[in-house]
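Spelled out, the chains give:
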Amino acid sequence: MSSIFSKIIAGEIPCYKIYEDDKTFAFLDINPEVKGHTLVVPKVEVDKIYDLDDEDYQALMATVKKLAKHMEEVMGQRTLIKVVGTDVPHAHVHLTPLDENWEYGKTLKLAEAEMQEITDKLAL
Ligand code: AMP
C-alpha cells in the first residue's frame, strides 16, 4: 500500500504544495510547529532517509537547500532543518522558520486561509 505521502504526490490526497521537480516534492505540514512548516519528500518511497540511493538522497538534499534559503528570504528567519520520521514511514525532511514562538513538538491550528496564504508566499 502507498504511503500517505505517495498519495499526496500522486494527487490522491490534497496538500498545500510548495515545490515539485522530477525527484522531490514539498508541501506544508498539516500540523505546523510554526507558520511555514514544510515537508520535503523524495518521490521514491522508502522509510528512512538513509535507505535512499545516493542520487535520490542528493536530489532530496538539493531541494532542502534550495527551499531552506528561499524560506529564509521570504520569512526573514533562519530555517531549521530536521529529520524525525517516527510518524510517517516515507522519508522526509522538516523545514521550519526559526520563529520566536517555535517550540519543539508544539503545533499550531491554522485556518485554511492562513495555510493558503503561507503557501502562496513560499511556493517556488
Ligand atoms: P515524523 O514522521 O515524525 O517526521 O512526522 C511526520 C509529519 O507528517 C508530522 O509532522 C505530520 O503532521 C505530517 N503529516 C502527516 N500527514 C500529513 C498530511 N496529510 N499532510 C501534511 N502533513 C502531514
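Along each chain, numbering runs from 1 in the same order as the chain's sequence is written. The predicted origin of the model limits local features to residues at a pLDDT of at least 70 and limits the giving and counting of side-chain atom pairs to 80 or more, whereas totals for whole chains, interfaces and linings rest on all residues. Hydrogens and waters are ignored; side-chain quantities use all the structure's heavy atoms.

(A) Broad picture of the sheet that holds strand β1 (residues 17-20). Taken in spatial order, the five strands line up as β1-β2-β3-β5-β4 in an open sheet, and their pairing is antiparallel. Edge strands, defined here as strands with exactly one partner in the open sheet, are β1 and β4 (79-82). Strand after strand, the sheet turns through a mean of 20° between neighbouring axes, direction not considered. Across three bridges, strand β3 (residues 38-42) lies against strand β5 (residues 93-97) in antiparallel orientation. Residue pairing across strands places Thr-38 opposite Leu-95, the latter belonging to β5. In the packing of helix α2 (residues 54-75) onto the sheet, contacts are made with β1, β2 (24-28), β3, β4 and β5, and the angle to β5 comes to roughly 10°. Packing against the sheet, helix α3 (residues 112-122) makes contact with β1, β2 and β3, and its axis sits at approximately 140° to β2. Any two strands between which DSSP finds at least two bridges are classified as paired. Only DSSP runs of H or I reaching four residues or more are called helices, and only runs of E reaching two or more are called strands; each is numbered from the N terminus. Every axis in this analysis is a line fitted to C-alpha atoms, fitted for helices over the stretch in contact. Angles between the N-to-C directions lie between 0 and 180 degrees. Residues count as neighbours in contact if any of their non-hydrogen atoms are within 4.5 Å of one another.

(B) Molecular detail of the packing of aromatic side chains. Two aromatic rings from Phe, Tyr or Trp, using only the six-membered ring of Trp, form a pair when their centres are within 6.5 Å; if the ring planes differ by under 30 degrees the pair is stacked, by over 60 it is edge-to-face, and anything between is tilted. Within the structure shown, the criterion is met by two aromatic pairs. Measuring from centroid to centroid gives 5.4 Å for Phe-5 and Phe-27, while their planes differ by 70°, and the two rings are edge-to-face. Here Phe-27 lies in strand β2 and Phe-5 lies in helix α1 (residues 4-9), a separation of 22 residues in the sequence. Note on accessibility: Phe-5 and Phe-27 belong to one class, buried. Relative to Phe-27, the ring of Phe-25 lies with its centre 6.1 Å away and its plane at 55°, an arrangement referred to as tilted. Each residue is placed in one exposure class: buried if its accessible area under a 1.4 Å probe, protein chains only, is under 20% of its type's maximum, exposed if it is over 50%, and partly exposed if it falls in between. Looking at Phe-25, the relative accessible area reads 4%, which means it is buried. The class of Phe-27 is buried, set by a relative accessible area of 3%.

(C) Representation of the site of the ligand. Nearness here has a simple test: a residue counts as near a molecule or strand if at least one of its heavy atoms is within 4 Å of that partner. Inspection of the region around the ligand gives 16 residues, with Asp-29, Asn-31, Gly-85, His-92 and His-94 positioned closest. Separating an oxygen atom of the ligand from a backbone N or O atom of Gly-85 is a distance of 2.8 Å. In this structure, an oxygen atom belonging to the ligand sits 3.0 Å away from a main-chain N or O atom of Val-88. Where accessible areas are quoted, they stem from the Shrake-Rupley method and a 1.4 Å probe; at the residue level, only the protein chains shown are allowed to cover. Taken by itself the ligand offers 510 Å² of open surface, and the protein chains cover 86% of this. Pairing of N or O atoms within 3.5 Å defines a polar contact, subject to two protein rules: one partner must be a possible hydrogen donor and the other a possible acceptor, and residues neighboring in sequence count only if both atoms are side-chain atoms.

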